Each structure stands twice: as C-alpha cells, then as structure tokens.
Amino acid sequence: EALATYYKADSMYKTLGLEKIRNSVANNIGTIYFYQHNYPAALQQFTKIQAALDKNNDDPPFQALIKSNIGEIYIENKKEAEAQKYLVESLKMGFDQKNVRQLYISHLLYGRLLTNQKKFAQAEAEFRSADSLLANGGEQKIKIQLLENWGRMLYMNNRPAEAEAKLKECVQLSEKILYSK
C-alpha cells in the first residue's frame, strides 16, 4: 500500500534528520488522503507541512503549493471563507515568485470556488487566466481539469452550448492523452 510505504519513508527520513524531504513525503501522503476523500487526514498532513515551512520561512514555492492544497480541501468541505483565504495567498505567492505552474493551479481552484459561489463572471476570468498560462506549455492533465470546471461553470450559468463545447474539448484532450500511450 502506498500510504504504508510513504509512512516508512517518512520514518527513515526523520531518523536521518532530513526535514525537507519529510515535507515532500507528507505532501504525497496528504495527496493520497485527498484522493481517497479523507479530507481531515489530508488537511492534517498539509497543515503540518505549512507549520514546518512557516517556522523556518522555507521554500516559498512549496509553501504556495501547500496553501493551494489546503484551499482545495476547504472547497471540498464547503468552507468558502477559509478556501478563499488560502487560495488568495497561493495566488499572491505565485505572482511574487513568477511561478507559472502555481498560478494556473491557483487560478483553476479559485475559479472552482467562485463557481460554487455562483460568481460566474469572476470564475470565468479565473479560468481564462489559467487557460492563458496553460497555453504556454502547461500540463495537459491540469488542462483537462480546467476544461471540466469551466464547462461546469458555463452549464450552471445557463450557457449550455458553450458548456458542451468546453466539455467536448475536455473529452477530446482526455482521449488524446489516453490513446497516445
């Protein structure tokens, strides 16, 4: 099991005093918990990392990633104020660091939050920002998530034809990735 392996690795790195690597392992553990929908356990991992990074004022790009991870958990838990706080911080850090990957992840997640709040014009602006960053060589799997969320927002905003176009693009990109292997 992946979690058992990561916990074993964490134990080894703790013994060796390799704290930075432990943060990376904890992030992987948190991500597994997230995808298992075990949001309390994921949040525990990510807040543990955030505390360690804040204590040492260490690794700003990783801090921004952890903030967006925490924001995403709060989106899933429908805690909008907390989600917004962390996502705005991750966006600011992404801008300050000129970290394109962090920016498109943060724009995508912030767009999801705004969609849930039915702030469709603002959500679409976030999705457009993410899309413009992805056009410059972004990761295709994140592009799929972007298209899916954008299509969902358009559908919720009573724009079914545009939603259908985005979702068809999402399916086409998914098939391209699936069949290119």
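To start, this report covers the structure provided alongside it. (Residues numbered from 1 in each chain as written. Predicted model: local features only at pLDDT ≥ 70, side-chain atom pairs only at ≥ 80, totals over all residues. Heavy atoms only, no water.)

**As for the layout of surface pockets**
Note the threshold: Using only the protein atoms, space was sampled on a 1 Å grid; points where a 1.4 Å probe fits but cannot get out form cavities, open sets with protein on both sides within 12 Å along at least five of seven lines form pockets, and lining residues are those with an atom within 4 Å of a point. Grid points are joined across faces, edges and corners, and a volume is the space filled by probe spheres set on the points. Labels follow the DSSP assignment, with helices taken as runs of H or I lasting at least four residues and strands as runs of E lasting at least two, numbered in each case from the N terminus. Three classes are used, and their members are as follows: Ala, Val, Leu, Ile, Met, Phe, Trp, Tyr, Cys and Pro are nonpolar, Asp, Glu, Lys and Arg are charged, and the others, Gly among them, are polar.
Counted as a void, the largest pocket has a volume near 640 Å³. Along the walls of the largest pocket sit 24 residues, with Phe 34, Tyr 35, Glu 72, Leu 109 and Gln 145 positioned nearest its centre. Listing elements by their share of the lining of the largest pocket, those giving two or more residues are helix H2 (19-35), helix H3 (39-56), helix H4 (60-76), helix H6 (100-116) and helix H8 (140-156). Sorting elements by how many residues they give to the lining of the largest pocket places H8 first, with six residues. When grouped by side-chain class, the residues that make up the lining of the largest pocket number nine nonpolar, seven polar and eight charged. For the second largest pocket, the calculated volume is near 160 Å³. Taken together, Asp 10, Glu 19, Lys 20, Arg 22, Asn 23, Ala 26, Lys 48, Ile 49, Ala 52, Leu 53, Asn 56 and Asp 58 form the lining of the second largest pocket.

**A short note on unusual backbone geometry**
In this structure, His 37 is a non-glycine residue whose phi angle is positive, near 65°. Mapped onto the secondary structure, His 37 falls in the loop between H2 and H3. Positive phi is not limited to glycine here, since Lys 98 has a value of about 55°. Here Lys 98 lies in the loop between helix H5 (80-97) and H6.

**Side note on the pattern of salt bridges**
Close approach of charged atoms allows side chains of opposite charge to pair. As a reminder, the rule being used: When a carboxyl oxygen of Asp or Glu lies within 4 Å of a side-chain nitrogen of Lys or Arg, that pair is called a salt bridge. In this scheme, a residue with accessible area under 20% of its type's maximum is buried, one over 50% is exposed, and one in between is partly exposed, where area comes from a 1.4 Å probe on protein chains only.
For the coordinates displayed, the defined rule picks out 12 salt bridges. Residue Arg 22 pairs with Asp 10 through a salt bridge whose shortest N-O separation is 2.7 Å. With a gap of 12 residues between them, Arg 22 in helix H2 and Asp 10 in helix H1 (residues 2-16) connect regions that are remote in the sequence. Given the relative accessible area of 15%, Arg 22 is considered buried. Since its relative accessible area comes to 13%, Asp 10 is described here as buried. In this structure, the salt-bridge partner of Glu 124 is Arg 159, at a minimum N-O distance of 2.9 Å.

**With respect to the side chain of Lys 67**
As a reminder of what qualifies: It only takes one pair of heavy atoms within 4.5 Å for two residues to be counted as in contact.
Mapped onto the secondary structure, Lys 67 falls in helix H4. In this structure Lys 67 comes out as buried when scored by relative accessible area, which is 10%. With sequence-adjacent residues up to four places away left out, Lys 67 is seen in contact with Gln 50, Tyr 86, Glu 89, Ser 90 and Met 93.

**Description of the packing of H1 against H2**
Put simply, the rule reads: As a rule, the C-alpha atoms of each element are fitted with a line to give its axis, helices using only the stretch in contact, and angles between N-to-C directions run from 0 to 180 degrees. Roughly parallel here means an angle under 35 degrees, roughly antiparallel means over 145, roughly perpendicular means 65 to 115, and every remaining angle is called oblique. Note on convention: near helix rotated counterclockwise from far helix by under a right angle means a left-handed crossing. Clockwise means right-handed.
Between H1 and H2, whose axes approach to 9 Å, the crossing angle comes to 160°. By the angle between their directions, the pair H1 and H2 is classed as roughly antiparallel. Crossing geometry of H1 relative to H2 is assigned as left-handed. Between H1, through Ala 2, Leu 3, Tyr 6, Tyr 7, Asp 10, Tyr 13 and Lys 14, and H2, the contact on the second element is made entirely by Ile 21, Arg 22, Val 25, Asn 28, Ile 29, Ile 32 and Tyr 33. The residue makeup of the contact of H1 with H2, split by class, is 10 nonpolar, one polar and three charged.

**Points about the environment of Ile 49**
Along the chain, Ile 49 turns up in helix H3. Judged by relative accessible area, Ile 49 falls into the buried class, the value being 0%. Measuring from C-alpha to C-alpha, the distance between Ile 49 and Ile 142 comes to 23 Å, with 93 residues separating the pair along the chain. Each residue touching Ile 49, except ones within four places of it in the same chain, is listed here: Asn 23, Ala 26, Asn 27, Phe 62 and Ile 66.

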